[in-house]
Amino acid sequence: MGLMQRILGGPQTIAAAGEAVSDVAEIFHANETRAMELSAEAHRAALDAHGDEFQYGRSGLFDRVINGINRMPRPFLALGTIGLFVFAMVDPEAFSSRMVGLNAVPEPLWWLLGAIVSFYFGAREMHYFRTPNGGRLPRMRPRELAEDATETAADPNPALERWFREQRDSEEGGD
């Protein structure tokens with residue numbers, strides 16, 4: 001029989017003592033994992049609330065024109081490449097003379113064009129990679145997240161707590 005078992009008792013007593021030490025430690029040093037989780041949840045809720053502002057907004061003429069222009073490069077590149085093949089078959093001499101002209105373009109200009117095209121398509125891919133579901137984040141419950149955050153905050157906000165209490169009371173009274 002070990003020394004700890006003689007002093008504290010069985011395994012349940014040792015586990016309870018460990019949990020008590022952990023709880024006491026959290027009083028002096030906040031649970032960083034929980035703080036990070038709350039921060040991430042609050043950030044998601046803020047992004048969701050921000051996205052809701054634009055959910056039903058009508059865009060103006062300028063926005064519609066710019067959105068239309070932003071959609072043009074991919075179809076132009078695809079159709080332009082097919083058009084080059086058609087042009088090469090229809091008029092091979094004119095196609096050859098234009099390709100000789102392209103051969104005269106300096107190499108740094110090709111690098112610049114490659115960088116522009118790569119950044120354009122790379123930025124689009126990164127946008128969709130970062131924001132799945134068409135740019136919409138999953139719905140969060142901001143009130144519950146904020147209530148949970150105020151319960152664990154080191155410096156509670158009395159006005160916010162009173163507002164949450166009033167909201168809760170009005171919901172309970174309205175049902």
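The structure presented is a predicted model; accordingly, all values stated were derived computationally and were not measured.

Definitions and limits used
Residues numbered from 1 in each chain as written. Predicted model: local features only at pLDDT ≥ 70, side-chain atom pairs only at ≥ 80, totals over all residues. Heavy atoms only, no water. Helix = DSSP H or I, 4+ residues; strand = E, 2+ residues; numbered from the N terminus. Buried < 20%, exposed > 50% of the residue type's maximum accessible area, 1.4 Å probe, protein only. Contact = heavy atoms within 4.5 Å. Axes fitted to C-alpha atoms, helices over the stretch in contact; angles between N-to-C directions. Parallel < 35°, antiparallel > 145°, perpendicular 65-115°, else oblique. Nonpolar A, V, L, I, M, F, W, Y, C, P; charged D, E, K, R; others polar. Patch = residues over 30% accessible without salt bridge, like charges linked within 9 Å, V, L, I, M, F, W, Y side chains within 5 Å. Areas by Shrake-Rupley, 256 points an atom, 1.4 Å probe, with all protein chains shown as cover. Salt bridge = Lys/Arg side-chain N within 4 Å of Asp/Glu carboxyl O. pLDDT = per-residue confidence, 0-100.

Draft legend 1. Molecular detail of the overall build of the protein. Secondary structure summary: the protein contains nine helices and zero strands in total. Along the protein, helices and strands appear, N-terminal first, in the series α-α-α-α-α-α-α-α-α. When each of the 175 residues of the protein is scored for burial, the buried share is 6%. Considering only contacts in the protein between residues 6 or more positions apart, those separated by 24 or more positions represent 58%.

Draft legend 2. How the structure looks around the packing of helix α5 (residues 73-90) against helix α6 (residues 92-103). Between α5 and α6, the shortest axis-to-axis distance is 5 Å and the interhelical angle comes to 125°. As far as their axial angle goes, α6 and α5 are oblique. Residues Leu84, Phe87, Ala88, Met89 and Val90 of α5 pack against Pro92, Ala94, Phe95, Arg98 and Met99 of α6. Residues belonging to the contact of α5 with α6 are distributed by class as follows: nine nonpolar, no polar and one charged.

Draft legend 3. Structural detail: the environment of phenylalanine 87. Looking at the secondary structure, you find phenylalanine 87 in helix α5. On the basis of relative accessibility, which here comes to 27%, the residue phenylalanine 87 falls in the partly exposed class.

Draft legend 4. Summary view of a nonpolar patch on the surface. Together, Leu61, Phe62, Val65, Ile66, Ile69, Met72 and Phe76 make up an exposed nonpolar region whose accessible area comes to about 720 Å². In terms of residue count, the dominant contributor to the nonpolar patch is helix α4 (residues 61-70) (five residues). Mapped onto the fold, valine 65 is located in helix α4. Among the residues examined, valine 65 registers a relative accessible area of 43% and is labelled partly exposed.

Draft legend 5. Geometry of the confidence of the model for the protein. Per-residue confidence for the protein gives a mean pLDDT of 78, with 71% of residues at or over 70. Confidence, read as mean pLDDT per element, is least for helix α8 (residues 142-152) in the protein (55) and greatest for α6 (93).

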